[in-house]
Structures are given as structure tokens and as C-alpha cells.
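Letter by letter, the chains look like this.
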There are 2 protein chains.
Amino acid sequence: MSNRIILLAHGSSDKRWCETFEHLATPTLEAVSDSRIAYMELAEPSLDDIVAEGVAEGAYRFTIVPLFLAAGRHLRKDVPAMIKTLEERYQVRIELAPPVGENPQLGEAIKGVVLHQLAETDE
Amino acid sequence: MSNRIILLAHGSSDKRWCETFEHLATPTLEAVSDSRIAYMELAEPSLDDIVAEGVAEGAYRFTIVPLFLAAGRHLRKDVPAMIKTLEERYQVRIELAPPVGENPQLGEAIKGVVLHQLAETDE
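What you see is a predicted model, and the numbers here were worked out from it, not measured in a lab.

Thresholds, definitions, all that
Residues numbered from 1 in each chain as written. Chains lettered and ligands numbered in written order. Predicted model: local features only at pLDDT ≥ 70, side-chain atom pairs only at ≥ 80, totals over all residues. Heavy atoms only, no water. Contact = heavy atoms within 4.5 Å. Buried area = accessible area lost by both parts, 1.4 Å probe. Salt bridge = Lys/Arg side-chain N within 4 Å of Asp/Glu carboxyl O. Polar contact = N/O pair within 3.5 Å; in protein donor to acceptor, adjacent residues only side chain to side chain. Nonpolar A, V, L, I, M, F, W, Y, C, P; charged D, E, K, R; others polar. Buried < 20%, exposed > 50% of the residue type's maximum accessible area, 1.4 Å probe, protein only. Helix = DSSP H or I, 4+ residues; strand = E, 2+ residues; numbered from the N terminus. Arc of directions from axis to C-beta. Pairing = 2+ DSSP bridges. Axes fitted to C-alpha atoms, helices over the stretch in contact; angles between N-to-C directions. Parallel < 35°, antiparallel > 145°, perpendicular 65-115°, else oblique. Left-handed = near helix turned anticlockwise from the far one by under 90°.

Engineer: Explain the interface of chain A and chain B to me, please; I cannot follow it from the model alone.
Structural biologist: A common way to express how large an interface is: the accessible area buried when the components associate. Taken together, the contact pairs 49 residues of chain A with 49 residues of chain B. For the pair chain A and chain B, the summed buried surface comes to about 4100 Å²; carbon and sulfur atoms form 69% of the total. Connecting chain A to chain B are two salt bridges. The closest approach of N and O atoms between R76 of chain B and D14 of chain A, which form a salt bridge, is 3.5 Å. The tally of links between chain A and chain B comes to two residue pairs in polar contact (both at pLDDT 80 or more). Here the residues of the side of chain A that touches chain B sort into 24 nonpolar, 14 polar and 11 charged.

Structure follows, in C-alpha cells:
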């Protein structure tokens, strides 16, 4: 295993918020071996937890895929700073991928959701 | 046209944030007639702008589909309050659909994004 995928969600103290992200992550976690979900703040496991776990199991490369629709301050500043700290602390290499919402597949999925919604709403 | 779809994004003063949401919305806007994007705050058009435009064109029913991965305080409190105000102001009916991230299609799309990401990252 050369590269461990971390699906990074924002996190919230609201359990329902985290459950939605866990559902969103499930198809990926089932399809991609050694992939994990982690939260930026306010929920567990934290990014540090997951990197530490990986290191304990011999991983030294990680790719963070943000479960965010777009990049705002968190992805432009906060997460890169967290990555720098973790790379130094654990002597690992962590790549930050673009947020999932920047991939056109998400736009197509949203179209599917809206068409489904319309079919349910129209009388 | 009985029901106008509004894709509601959070909004930001960062133009790149809004561009990402405009790209995300494009397949839907092209596929669904009388659909629009609107921002909750910090960007235009606002929700009020889009409802006012619809009313001027004869619409009286709207469905808001939140371009959010999960429901937090904004979707549980702020947006319902905005809807109440707009329904009274314009004498219209506005339905709030679940955030797109609660639909399993998004989880499948995220899996696709990650598999694509992996193919690019693995050396």
C-alpha cells in the first residue's frame, strides 16, 4: 500500500452532520482499500488521529480528498497549515487533492438529484 | 411552468468559490428549464432576487435544492427563516428540499472522483 486516501470532512458537534458525511463516504471506503474518513474539527477521528494510525501501520504517503464542494478559507489556509504540521510531526508526505466539488462528476450527480427531486415534486 | 428550481449555494466574497458553484450548477441549469442558482449570503444573485424575478414572471411555487453536502445550522435554521419571510413577502410557496449530499448519488460520484484521483496519484 503506497498511498492512503483520507476523505476529509469539515466536522460538526451535530451528530447528524457527521452521519451524512459517513454515508457520503461509504461507497468510497468500500471501494478503496486503506481509505479513511477524518474531520477537520469538532468531530472524530481527527486528521491527526488518522495520520498517526497510518504511520503506526507503516504508511508514509497520504492523499487528502476534501469532501467539500468548493475551496474557501479552510482549504486554502487552514488545511495546508495542518498538513505542514503533520508532515513535520510524522515525517510523511501528504498531498491535498482538489475538493470533490471541483470535479465535473459532482455537477452531473447534482443534475441527477434535481431531476429526481423534480419527479417527486411535480404533481 | 408550475415549479421553479433554485439551486442554493452558500456564497462567498471569494469569486473562485462562486465560480466552482456555477460550474457545479451548469449541468442542472442546462437540463432543467426555469432553474436558477442563488446565494444565501455574500454573493449575488440572492435568494430574494431570484424569487422576485420568478414572481415577476408569474411563478408562485419554488423548490430550493441546497448545494450543500449536509445540513447544519444554515439549512436547519437560517434558510427556513428566509423562506418564511419570502413566502409572506411574495405570497408564494417555497419548498426546501434536502441538501444534495443526502442523496446517495453524491456518494457514488465521490467514489468516482476518488478512483480518478488515485489513478492520477499512483506512480
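Engineer: Just checking my understanding: could you explain helix α2 (residues 47-56) of chain B for this structure?
Structural biologist: Residue pairs spaced three or four apart in an α-helix point in one direction, given the helix's 3.6 residues per turn. Residues and elements named next belong to chain B. Every buried residue of α2 is listed here: L47, I50, V51 and G54. For α2, the arc enclosing every buried residue in end-on projection is 95 degrees, short of the 170-degree limit, so these residues lie on one face. Packed against the buried residues of α2 are β1 (4-9), β2 (35-39), β3 (61-66), α3 (73-90) and β4 (93-96).

Engineer: Any chance you could explain the sheet that holds strand β1 (residues 4-9) of chain A here in plain terms?
Structural biologist: Hydrogen bonds between backbone atoms are what pair the strands of a sheet, whose relative direction is either parallel or antiparallel. Residue and element names in this part refer to chain A. If you trace the four strands from one edge of the open sheet to the other, you get β2-β1-β3-β4, paired in parallel fashion. Looking at the sheet topology across the chains shown, the edges are occupied by β2 (35-39) and β4 (93-96). On average, adjacent strands in this sheet sit at an angle of 30 degrees to one another, irrespective of strand direction. The sheet strands contacting helix α1 (residues 15-31) are β1 and β2, and the helix crosses β2 at an angle near 160 degrees.

Engineer: Is there a simple way to explain the packing of α2 of chain B against α3 of chain B in this structure?
Structural biologist: Think of two packed helices as two axes; the pair is described by the angle between the axes and how far apart they sit. Residue and element names in this part refer to chain B. It is the contact of α2 with α3, at a shortest axis distance of 11 Å, that shows an interaxial angle of 30 degrees. Taken together, the axes of α2 and α3 lie roughly parallel to each other. Both α2 and α3 take part in a crossing whose hand is right-handed. Contacts from L47, D48, V51, A52 and V55 of α2 reach α3 at M82, L86, R89 and Y90. Split into classes, the residues belonging to the contact of α2 with α3 amount to seven nonpolar, no polar and two charged.

Engineer: Got a minute to help me understand the sheet that holds β1 of chain B in this structure?
Structural biologist: Residues and elements named next belong to chain B. Pairing in this open sheet of four strands is parallel, and the strands run β2-β1-β3-β4 from one edge to the other. Strands with a single pairing partner mark the edges of an open sheet, and in this sheet they are β2 and β4. Taken over all neighbouring pairs, the strand axes of this sheet differ in orientation by 30 degrees on average, direction set aside. Pairing analysis gives five bridges linking β1 to β3, with the strands arranged parallel. Considered in β3, the bridge of L7 is made with V65. Packing against the sheet, helix α1 (residues 15-31) makes contact with β1 and β2, and its axis sits at approximately 160 degrees to β2.

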